[in-house]
Amino acid sequence: MTEFRTPAVELARFRRRVVVAALFVLVCLGLLAARFHFLQVQRHDYFLTRAEDNRIALLPVVPHRGTIVDRQGVVLARNYATYTLEIMPSEVRDLEGTLAELASLVPIEPRDLRRFRKLFEESRNFESVPVRSRLTDEEVARVVAQRYRLPGVDVRARLLRDYPQGTTASHVVGYIGRINERDVERIEERGETANYRGTLHMGKAGLEQSYETELHGITGVEQVEVNASGRAVRALSHTPASSGNDLELTLDIELQRVAETAFGERRGALVAIEPATGGVLALVSMPTYDPNLFVDGISTQDWRALNESPDHPLLHRAIYSTYPPGSTYKPFMALAGLETGKRTARQAIRDIGYFNFGGHRFMDDKIGGHGTVDLHKSIVVSCNTYYYQLANDLGIEGIAGFMAPFGFGERTGIDLPGEATGVLPSPEWKRSRFRKPEQQRWYAGETISVGIGQGYNAFTPLQLANAMAALVNDGKLFRPHVVKYVVDSRTGERRAVEPEPLREIPLQQAHLKSVLDAMVDVNKSGTGRRAFQGAPYSVGGKTGTAQVFSLRGQRYVEKNVRERLRDHSWFVAYAPAENPKIALAVLVENGGFGSQSAAPIARQVIDYYLLNQRAGAPAPEDEDASESVDADTGIEGAVLDGAALPALPPSSPQSPPPSPAPPAQPAVGTMAPVPPARSAR
Amino acid sequence: MNETRFNPLALARAFLRPIDPILLLLLGVLLASAHVLMQSASPERVDSQLTHFAVALAGMWLLAWLKPQRLLSLAVPLYVLGVLLLVAVDLFGEVSKGAQRWLDLGVARIQPSELMKIAMPLMLAWFFQQRENQTRFLDFVVAGLLLVVPIGLILIQPDLGTSLLVAASGLYVIFFAGLSWKLIIPVVVAGVIGLGSIVAFGDTLCQPEVDWQVLREYQKQRVCTLLDPTRDPLGKGFHIIQSTIAIGSGGLMGKGWMDGTQTHLAFLPERHTDFIFAVLAEEFGLVGAIALLCVYALLLLRGLHIAANAPTHASRLLAGAITMIFFTYAFVNMGMVSGILPVVGVPLPFISYGGTALVTLCLGIGILMSIQRSRFADKT
């Protein structure tokens, strides 16, 4: 610090500093220039991409889900447009205020709000989130009138799934539900994540689940320019979505309705199959539920009601519950005797009311026995003793070996999710089923009750119906299927789900005839005669009773047994006997004897199918007379078509059974060895 | 000058006499670019921008007429007034956007810190004028005190950007007044080391639980966001990310006027004020950006030239400081928008929208013109 300086010195010093400042300025501006060069030349491509990413958004265009119709074209699942109240996250300013305001305009349930908040958190900024669906016209008017002061709120038309048949065939059709995290993972595994962008729902049960890939369609893409707040400014390009493919079923919804009505309040299952094709005509599981409840997210209350009901309406009894077949097994056993040469049709035994095995008496149903019983009579009167002996002669290996080709104890491969395997008992099965060595051993006594369809036997109604169909189809076993055609939404091409013979069991015509003749006589003079009295067609059948509860040798008296422990009632049938167009299996849970509950249901179903008649009353003047006429012609056509029907496509989805949730009750009786088998009519 | 005869040409010449043509030309280029950019960035503000131009040019013209001595004689009252207003702001000011910056006088809301940007260099220039040829170390201490008081008052508002600019304006005067390099160099070195270590240890320093003591939370956030804009891409980092995207995507030649997607689809925030440079860089590319740098460089060199040739010690200091303030505005703004400096609220000089800042800057140009003119009249 100089204390005295001349102005000249001072000026010189100042000018030096000015030069320094000027250099500093130029260096700094040069630094900026270098930075600009870096950003605008060296990294230009990167930033240009970023800018394009900013402004271009790909919006999914959700395809219309395919519809499902029955073999007559009656709609089982469709889409309908509904107004939904939605909020665009990027545009709403005060979310809570807006929601409160909306709640004052239209009723919004707490569960709507919960669902909205969940979706809102997951949403992308420019995808609008539904608050409430199914607005009435009046509600739409109220919201629209106030919309000017509610930024981000919009009323949009969306497609919702609708099941116009309600509870009818709900287990077959299934339902869709909101895609959850598990679904997202599964979609990822299938590599379909991109195709599901924008899709909120997917099939969760029934055909909706198993044909998900067909029904969903291909998501379109709309390329839009968006501004910073996510609002689309203009469309750049548009790839339309392709609607999902439609399904035409083999199922006849009117037949299904007749069957379901015939069950009334009773629980059970019915499977009706077209023997020549394996097409499923009716697939009943009672009680049913309304799939419409699931479409928009089921309420806790409804869910609890369905889930906690002792009747288990969600359970698909026809394909997932397994029951011992009872005496419906006897025709198969008889055929086994003939085919293996252990019996001839003429050969007779003396039934004295029981079969003695190792000092233990296996009781017949009739005290004192049926006297002299040959094969024919053994089926007509359902003689246990005949089959105790036959089972003993065949041995468990012999029985299992003969029955396996009929599909007992194996999944039929029906095009529905969640099929159970069932149990075809054999020493081998027992070894893998149990852990303790003493349990693993097969006791010869166990073979005896297996012979009358009790014991460890556990089959689904579908397995039994399909085996029945094979029996009347000269041993040709099909993979049963519910879908007849997949209709391509773009080309309109109808791809047939071809009947696929799983195998042809070599059977001798004479043997078959002996068994089937006896089954016809069951309904003429045997255990099914009351149910089929006056039937204008010939029909073969067999009653059965599956034990739920072992009485340990005491006689079974129905009224003494609690309703839930009563025997299950079975009936298998086919008609017309000379050229079967329908084969079916009916099971009524806790229905008692087969002739009591199951056979009358079978009668109503066959009457309707062959004669187009409703229970008892001649039907033509029904309220839906016109439909009946259609149905009539449809049947004729269907049968003819059926002959030429081809097999399931390899792509047909086969899902494994969902959870290891135990079937409601069915398996109960099967696990305990029940040496003293009771009656089986 | 003949006062009896009406001569329009002479009148015009008289009117324009204090105007420095070079400065006016450069200013004209800048204001014209501002006008062009505003039509793209925010067309609805174009009209009021023109009003700002008129007011600012009038202010410039008035100051250009005023002799530097007259202006310097106002230094002490302006400074005192400024400090008093700052105290008033801290006591009674309006809170806006988390800071107390405005004073409502009933007629108009004023921002006294803006006044300080002129009053501070004026005051220090006046002060060093008094100590001309006998400047001692103690004088620098006094100057430092004069500087610290208003800066402290602005800092507690809090307004980091303005206090930095006011501090810079004062420090430039002190620098030009001849503060020893022995003092300057250590401070600069310490500053560089400090900044360097912040950059190096940014990750640890930016942990939420670290309290920075001297800086407020929002200032810490700004620094941290600069160090790593991606830490808050939708919040505080959004500005920097979007502006660098705008600049980088402009490329060499730009996307064309009115065709900047970042600008027109509103991805660029504050595009008519602090981030208007990104609009330029996006639509006119590197060419436009370098052109702007050149105009600034010419303006600054002209200002320094005027300072170097100014007749009095005070006017030299004043001209030098004002020029360097222009530089500081420009550098900090462009540095911030291009992501090499933290986001401090500094406008791009002469181009960003905003009447107060433009008037202040044009008053500075007016002072430069006045000093340029005075070198003939008052040579000492």
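Residues numbered from 1 in each chain as written. Chains lettered and ligands numbered in written order. Predicted model: local features only at pLDDT ≥ 70, side-chain atom pairs only at ≥ 80, totals over all residues.

**Describing the overall build of chain B**
Next up, step 1: Of regular secondary structure, chain B possesses 16 helices and 3 strands.
Next up, step 2: Considering only intrachain contacts with a sequence separation of at least 6, the fraction spanning at least 24 residues in chain B is 70%. (Helix = DSSP H or I, 4+ residues; strand = E, 2+ residues; numbered from the N terminus. Contact = placed C-beta atoms within 7 Å.)

**Description of the overall build of chain A**
Next up, step 1: When helices and strands are counted, chain A shows 24 helices and 23 strands.
Next up, step 2: Residues classed as buried in chain A amount to 46% of the 681 residues present.
Next up, step 3: Here the analysis covers contacts within chain A between residues at least 6 apart in sequence; of these, 77% occur between residues at least 24 apart. (Buried ≥ 20, exposed ≤ 12 C-beta atoms within 10 Å, placed from the backbone.)

**A closer look at the interface of chain B and chain A**
Next up, step 1: With 44 residues of chain B in contact, the opposing surface of chain A contributes 38 residues.
Next up, step 2: Elements with a contribution of two residues or more to the side of chain B that touches chain A: helix H8 (160-176), helix H12 (236-250), helix H13 (261-264), helix H14 (276-308) and helix H15 (313-337) of chain B.
Next up, step 3: No other element matches the 13 residues that H14(B) contributes to the side of chain B that touches chain A.
Next up, step 4: Among the residues forming the side of chain B that touches chain A, the class breakdown is 26 nonpolar, 16 polar and 2 charged. (Nonpolar A, V, L, I, M, F, W, Y, C, P; charged D, E, K, R; others polar.)

**Side note on the nonpolar core**
Next up, step 1: Residues A:Val271, A:Leu584 and A:Val605 are the most contacted members of the largest nonpolar core, which totals 125 residues.
Next up, step 2: The biggest single contributor to this core is helix H16 (residues 384-403) of chain A, with 10 residues.
Next up, step 3: Leaving out residues up to four positions away in the same chain, A:Val605 has contacts with A:Leu255, A:Val258, A:Ala259, A:Ala262, A:Leu270, A:Ala272, A:Ala282 and A:Leu584.
Next up, step 4: By size, the runner-up hydrophobic cluster in this structure holds 117 residues, among which are B:Leu85, B:Ile245, B:Tyr296 and B:Tyr329. (Core = buried A, V, L, I, M, F, W, Y, C linked by C-beta atoms within 7 Å.)

**Re the confidence of the model for chain A**
It should be kept in mind that the predicted coordinates are not to be read in detail where pLDDT is low.
Next up, step 1: Averaged over all residues, the pLDDT of chain A is 82; the fraction at 70 or higher stands at 86%.
Next up, step 2: This model gives residues 616-681 of chain A a pLDDT under 50, and the stretch forms 138 contacts once residues within four places in sequence are excluded. (pLDDT = per-residue confidence, 0-100.)

**Thoughts on the environment of B:Leu146**
Residue and element names in this part refer to chain B.
Next up, step 1: Checked against the element boundaries, Leu 146 lands in helix H7 (residues 137-155).
Next up, step 2: On the neighbour-count criterion, Leu 146 (18 C-beta atoms within 10 Å) is partly exposed.
Next up, step 3: Residues Leu 146 and Tyr 79, 67 residues apart in the sequence, show an inter-C-alpha distance of 9.3 Å.
Next up, step 4: Those residues in contact with Leu 146 that lie beyond four places of it in its chain are Met 123, Leu 124 and Phe 127.

**Overview of the packing of helix H6 (residues 112-130) of chain B against H7(B)**
All names here are of chain B.
Next up, step 1: It is the contact of H6 with H7, at a shortest axis distance of 10 Å, that shows an interaxial angle of 175°. Our classification of the angle between H6 and H7 gives roughly antiparallel. Along its contact with H6, which presents Ser 113, Met 116, Met 120, Met 123, Leu 124 and Phe 127, the element H7 presents Ala 143, Leu 146, Pro 150 and Ile 154.
Next up, step 2: Tallied by class, residues from the contact of H6 with H7 come to 9 nonpolar, 1 polar and no charged. (Axes fitted to C-alpha atoms, helices over the stretch in contact; angles between N-to-C directions. Parallel < 35°, antiparallel > 145°, perpendicular 65-115°, else oblique.)

**Digging into the sheet that holds strand E8 (residues 220-226) of chain A**
All names here are of chain A.
Next up, step 1: Here 3 strands make up an open sheet; going across it, the order is E1-E8-E9 and the pairing antiparallel. Each edge of the open sheet is held by one strand with a lone partner, namely strand E1 (56-61) and strand E9 (232-239). In this sheet, adjacent strand axes meet at a mean angle of 30° when their direction is disregarded.
Next up, step 2: Across 6 bridges, E1 lies against E8 in antiparallel orientation. By the bridge assignment, Ala 57 is partnered in E8 with Val 224. (Pairing = 2+ DSSP bridges.)

**Details of the sheet that holds strand E22 (residues 568-575) of chain A**
Residue and element names in this part refer to chain A.
Next up, step 1: Taken in spatial order, the 5 strands line up as E12-E11-E23-E22-E21 in an open sheet, and their pairing is antiparallel. Edge positions in the open sheet fall to strand E12 (279-286) and strand E21 (540-546), since each of these has one partner strand only. Going from strand to strand, the sheet's axes swing by 10° on average, the running direction of each strand aside.
Next up, step 2: Two elements, E22 and strand E23 (residues 582-588), share 7 bridges in a ladder whose sense is antiparallel. If you follow Trp 570 over to E23, its bridge partner there is Leu 587.

**A word on the confidence of the model for chain B**
Next up, step 1: The pLDDT averaged across chain B works out to 85; a share of 85% of its residues lies at or above 70.
Next up, step 2: Predicted complex, confidence summary: ipTM 0.91, pTM 0.67.

**Looking at helix H21 (residues 509-524) of chain A**
Residue and element names in this part refer to chain A.
Next up, step 1: The terminal C-alpha atoms of H21 lie 22 Å apart, and with 16 residues this matches the ideal 22 Å at 1.5 Å per residue to within 8%.
Next up, step 2: When we look at burial in H21, the residues that qualify are Ser 514, Val 515, Leu 516, Ala 518, Met 519, Val 520, Val 522 and Asn 523.
Next up, step 3: Lining the buried residues of H21 we find helix H14 (330-340), helix H15 (375-380), helix H20 (461-472) and E21. (Expected span 1.5 Å × (residues − 1).)

**Considering the packing of H6(B) against H8(B)**
Residue and element names in this part refer to chain B.
Next up, step 1: Where H6 contacts H8, the axes come no closer than 9 Å and their chain directions differ by 15°. Here H8 runs roughly parallel to H6, going by the angle between their axes. Crossing handedness for the pair H6 and H8: right-handed. Within the contact between the two elements, H6 uses Ser 113, Met 116, Lys 117, Met 120, Pro 121, Leu 124, Ala 125 and Phe 128 and H8 uses Thr 162, Leu 165, Val 166, Ser 169, Gly 170, Val 173 and Ile 174.
Next up, step 2: The residue inventory of the contact of H6 with H8, partitioned by class, reads 10 nonpolar, 4 polar and 1 charged. (Left-handed = near helix turned anticlockwise from the far one by under 90°.)

**Some remarks on unusual backbone geometry**
Next up, step 1: Along the chain, A:Met286 connects to A:Pro287 via a cis peptide bond; the corresponding omega equals -5°.
Next up, step 2: Considering the arrangement of structural elements, one finds A:Pro287 in the loop between E12 and helix H11 (292-295).
Next up, step 3: Residues A:Ala575 and A:Pro576 are joined by a peptide bond in cis, for which omega reads -15°.
Next up, step 4: Note that A:Pro576 resides in the loop between E22 and E23.
Next up, step 5: We note that A:Asn590 has phi near 55°; this positive angle belongs to a residue other than glycine.
Next up, step 6: Assignment of secondary structure puts A:Asn590 in the loop between E23 and helix H22 (598-611).
Next up, step 7: The backbone phi angle of B:Glu270 is positive, close to 50°, even though this residue is not glycine.
Next up, step 8: Residue position: B:Glu270 is located in the loop between H13 and H14.

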